[in-house]
Every structure is written in C-alpha cells, then in structure tokens.
Amino acid sequence: MPTAGGPTVKRLSQPDADIKPKALGLPRGRTVISVFGSTEDIETDLAAKLLPVLRSVVVTAARNSAVFVTEGTDRGVVHLLGMALQACEQRWPVVVGVAPSSKVHDLTETSTNGQIALEPNHSVAVIVPGSEWTDATPVLFRTIDAVRHKKPVIALVVGGENEKEVVDHLSADRPLLVIAGTGGLADRIATGDLSGDLAVLVRSGKIFIVHVDEGAGKVVTALDRLLGKEKPVKPPRIWPEVRYRAPEARPLVDPGFVVAYPMLADAIHDANQVVAPAFQELDAQAEVEQNRYRLTAVLAIAGGLTTTVFAALQTWLKDTPWPGVLVVAGGAFAATITIVARKRESLDKYLTARSRAERLRALYFAHLASPAPGTEEARQDKVADLEAAVSDRKHEVVRT
C-alpha cells in the first residue's frame, strides 16, 4: 500500500542500471500484471464501464499476490487503475510505475515543461534518466523480469496505442488479456485490424479478449484462467448442497475465440448482451431445482433408513416403548417426504428450466452461424429479432 505522500520514488543513476528488487523496495518471485493502455483522458461513459472491471482486476490481483507494473503517470487508464485501488477495501496489491525523469514529477514537486504527476496510489515509482517516454520501456520490461523471477507475466491491454510494448510482451511468449470496446490498440487486436509482427504474434500467441460490455465477471474469469486459478472440474454431485449458491456465470464461448474469427466480433458481442444473461438465469434456476429434488430424495431415503433402524431396535428392546414412538415418527416423516418427491414438482421445474436454457444455448450459436448483416440498421433489426426469440424461448411451454 502506498504512503500518504504518494509512491516511494526510486531513481536509477543510468538507463541500463541493474534492476535489483531489494534495493528498489520491490517484491520478487511474484506474478506480474503489466498494464498497457490509453494515456489520453477517457470519456466518461467508457470510464464508468471500465472502473468496475478494474476494481475486480485489482481484487483478483490482491487475492493472488500479483504485482501491477504500469507507466506510473496519473492519466488515462493508469489514473482509472488508481481510482480502482482507492475503492479496494481488502489489502492492496503492489503497484510499480516506471517512467522517464524528464516527463514526470512526484507529489512534492510542481509541473514544469508539461511534466505529468505520478499516480499517487502506486507503491513504488522507478524513475529512469531520459527525455522521451520510450526511454523507460526497456527498464519497464527489466523491472517485470526482476519482479517475476520465475512466475508468469500477463499483460492487460485497455485501449492504447503503443504497439511496441505489446510486441515485446508477445515476443516473450506471454499471454495477453485484451479489453475490447475501449478503442485504440485493444479494438484493433479484437477485430484483427493488424499488420506486420503484431499480426503474426497475435495469431500465434495466447490471447484472451473480453468486451467491456460483458462486465467484470467475464474479465475475472479470463484472468483466473491466465493465472492458473480456474476452479477444477468437479465430479457430478450425488448429495445436494443444503445452502445452494449459484455457480459463477461463464461465457458461452472462450473470449479468445474472437482472435481467430474477428468477423464474428459483432455477433458474439450482440449474443453476449441479449442471449447470455437469459441463458445464465435459466441455467442457475435449473441448478436450484435439481438440487432441491436431490434433497427431497435424500431425505426420503434417510427417513426410510431411520424407520428401519428404530424398528430393529424396538424388536431388540421389547419392553421399552420409546423406539416404537420413533418408528411411528420416522415412518410418518418418510411417508410425507415420499409423497412430496412423487409429485415431481422440483424435477419438472428442473427439466423445464434446463430445456429452456439449452434452447437458448442453441439460439446463441445459431446467431453466430447466421449471415452477418451488411449495415448497422440491418444489425439492429437482427438484434431486435434475437430479443424476440429470447423472450419466446424463456416463456415457451415445455412438455416433460
């Protein structure tokens, strides 16, 4: 967590000085999330969408003891990251900024010649001798290598314009998480509007793309996969969970699918906005009803077993009346639960919700497979038809 006066400033004597984590107050042997993004002011509407996403990224990084490495200035995406850090109620992740000396000033100095303030919520700022922004780029990557040691490095691209940073990152065979819908380089990667080395590296690299409109949950899911923290697949459950919690919503297609098929970017975005929420709602409802039916069946079995046990006990203790009372009570309980189970209400509700959810899944992929509209007006008409189809499938009668 940074000090009240802003980040701890560490100045290098020369651009090619060794990066020694201990001397610079940096951790070592940590996963690194490098942030490459827009340096211009972000529009209010886009910032309102990005801030919850960055908050979730900050919480995920803190939970995994990851370290952020940025350009360190109080502008653009890094400014929003600082706002996200302020909103973090848990322990803060370490955040390191790397910037050239002539372009920035710390919170104790005043701006001269257009210098930009360091972002105050960073933990450490490594200041590199230099007069251009590009002078800090080699040091930024050396700082990443010093902090990571043998841990993974993930780059988060939000808007942005500096292709060289992304090329250097992908050249080291490191994964990239792109937030599409944020403009600039992020959208070019999402749509495949690339050339040269970057186009080759994107197609051959490990790329995850999530649209900002898909929300924080999708970004965290992708980040967890890159961090290797994805929850293992559990075997089918036989015993129910008494306190059921709906599973975390997962995307219907892998976010990186857009990279291989950029022409489907609009279709995937529209389907995620219109179809995916309805599918996830019905999927969770089906899980609830299935769990309820399992609970009823288990209680019926337990009631029958209890009756049998106490009946045997009564036979053994002939002169003792209390086992007989428990036999009657257990038999009544088992009979009641069995009657409830035979009504099959939970099972019917489960089958109905599951059937509707799977039909929505089919609608999702049918939308991706349909011809792309030629104009924006045709796209809006197609979205309207998709919304109507979703409504029909959510409320259609299902025979079970």
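Starting afresh in each chain, residues are numbered from 1 along the sequence in its written order. Local features in this predicted model are restricted to residues of pLDDT 70 or higher, and side-chain atom pairs are both shown and tallied only at a pLDDT of 80 or more, whereas totals for entire chains, interfaces and linings draw on every residue. The basis for every side-chain value is the complete set of heavy atoms in the structure, and neither hydrogens nor water enter the calculation.

Chemist: Go over the overall build of the chain with me, naming the residues and quoting the values.
Modeler: Only DSSP runs of H or I with at least four residues qualify as helices, and only runs of E with at least two residues qualify as strands; both kinds are numbered from the N terminus onward. On a plain count of helices and strands, the chain comes out with 14 helices and 10 strands. The cut-offs for exposure are 20% and 50% of the maximum accessible area for each residue type, with area from a 1.4 Å probe on protein chains only; residues under the lower value are buried, those over the upper are exposed, and the others partly exposed. Counting every position in the chain, which comprises 400 residues, the buried fraction comes to 46%. Contact between two residues is taken to exist if any of their heavy atoms lie within 4.5 Å; hydrogens are not considered. Here the analysis covers contacts within the chain between residues at least 6 apart in sequence; of these, 79% occur between residues at least 24 apart. All accessibility values rest on the Shrake-Rupley procedure with a 1.4 Å probe; residue burial counts only the protein chains present in the view. Surface summary for the chain: the accessible area is close to 20800 Å², and the carbon and sulfur share equals 55%.

Chemist: For the packing of aromatic side chains, give the residues involved together with the corresponding values.
Modeler: Here the aromatic set is Phe, Tyr and Trp, taking the six-membered ring for Trp, and pairing holds for ring centres within 6.5 Å; pairs whose planes are under 30 degrees apart are stacked, those over 60 apart are edge-to-face, and all others are tilted. Following the criterion strictly, the structure yields two aromatic pairs and no others. Arranged with centres 6.1 Å apart and planes meeting at 45°, the rings of F36 and F141 form a pair that is tilted. You can see F36 sitting in strand 2 (residues 32–37) and its partner F141 sitting in helix 4 (residues 137–148), a full 105 residues away along the chain. One cation-aromatic arrangement involves R75 over W133; the distance from NZ or CZ to the ring centre is 4.2 Å. Two conditions define a charge sitting above a ring: the NZ of Lys or the CZ of Arg must be within 6 Å of the ring centre, and it must be within 35 degrees of the ring normal.

Chemist: Quick one: what's the story with the sheet that holds strand 7 (residues 124–128), residue by residue and with numbers?
Modeler: Pairing within the open sheet is parallel, and its eight strands lie in the order 1-7-4-3-2-8-9-10. Strands with a single pairing partner mark the edges of an open sheet, and in this sheet they are strand 1 (8–11) and strand 10 (207–211). Strand-to-strand, the axes of this sheet are offset by a mean angle of 20°, without reference to chain direction. Summarising the sheet, strand 3 (residues 67–70) and strand 4 (residues 94–100) pair through four bridges and their orientation is parallel. By the bridge assignment, V69 is partnered in strand 4 with V96. An axis is simply a line fitted to the C-alpha atoms; with a helix, the fit covers only the stretch in contact. Between two such axes, the angle follows the N-to-C directions and lies from 0 to 180 degrees. Sheet strands touched by helix 4: strand 2, strand 3, strand 4, strand 7 and strand 8 (153–158). Its angle to strand 2, the strand with the most contacts, is close to 160°. Whether two strands pair comes down to DSSP finding at least two bridges between them.

Chemist: Would you mind going over the pattern of salt bridges in detail, with residue names and values included?
Modeler: For this analysis, a salt bridge means a side-chain nitrogen from Lys or Arg found within 4 Å of a carboxyl oxygen belonging to Asp or Glu. Tallied over the entire structure, the rule returns 13 salt bridges. The closest approach of N and O atoms between R174 and D145, which form a salt bridge, is 2.7 Å. With R174 in the loop between helix 5 (163–171) and strand 9 (176–180) and D145 in helix 4, this residue pair connects regions lying 29 residues apart in the sequence. Residue D145 is classed as partly exposed on the basis of its relative accessible area, which comes to 36%. In this structure, the salt-bridge partner of D283 is R354, at a minimum N-O distance of 2.7 Å. One end of the pair, D283, is in helix 11 (residues 276–316); the other, R354, is in helix 13 (residues 345–369), and 71 residues separate them in sequence. Its relative accessible area of 18% is what places R354 among the buried residues.

Chemist: Give a description of the side chain of E71 that names residues and reports values.
Modeler: Summarising the element assignment, E71 is placed in the loop between strand 3 and helix 3 (76–86). On the accessibility criterion, E71 (18% relative accessible area) is buried. We define a polar contact as two N or O atoms separated by no more than 3.5 Å, with the added condition that, inside protein, one atom must be a possible hydrogen donor and the other a possible acceptor, whereas residues neighbouring each other in sequence contribute only through side-chain atom pairs. Within polar-contact distance, the side chain of E71 engages the side chain of R75 at 3.0 Å. Those residues in contact with E71 that lie beyond four places of it in its chain are T39, V78, G97, V98, A99 and W133.

Chemist: Quick one: what's the story with the pairing of strand 4, residue by residue and with numbers?
Modeler: Across the seven residues of strand 4, seven count as buried, placing the element largely inside the fold. The alternating pattern of strand 4 places V94, V96, V98 and P100 and V95, G97 and A99 on opposite faces, both of which are buried. Pairing geometry for strand 4 and strand 7, over five bridges, is parallel. If you follow P100 over to strand 7, its bridge partner there is V128.

Chemist: If you had to explain the nonpolar core to someone new, which residues and values would you point to?
Modeler: The biggest cluster of nonpolar side chains holds 42 residues, and the ones touching the most others in it are V166, L176 and I189. Examining the composition of this core, we find that six residues originate from one element, helix 4, more than from any other. Discounting chain neighbours no more than four positions away, the residues touching L176 are A155, V157, V166, H169, L170, I189, K206, I207 and F208. Within the second largest apolar cluster, 34 residues are counted, among which are L46, V58, A66 and I179. Residue types Ala, Val, Leu, Ile, Met, Phe, Trp, Tyr and Cys, when buried and joined through side-chain atoms within 4.5 Å, form a set referred to as a nonpolar core.

Chemist: A description of the pairing of strand 9 should follow, citing residues and the corresponding values.
Modeler: With five of five residues buried, strand 9 lies mostly within the body of the structure. With burial as the criterion, each face of strand 9 is covered, one bearing L176, V178 and A180 and the other bearing L177 and I179. For strand 8 and strand 9, the ladder comprises four bridges, and the chain directions are parallel. Opposite V157, over in strand 9, you have V178 as the bridge partner. In this region the chain leaves strand 8, passes through helix 5 and returns to the parallel neighbour strand 9; the handedness of that crossover is right-handed. Looking at chain direction, strand 9 and strand 10 are connected through five bridges and run parallel. The partner of A180 across the bridge, within strand 10, is H211. When the strands point away from the viewer and the connection leading from the first strand across the helix to the second strand turns clockwise, the crossover is called right-handed.

This is a description of form; function is not addressed.
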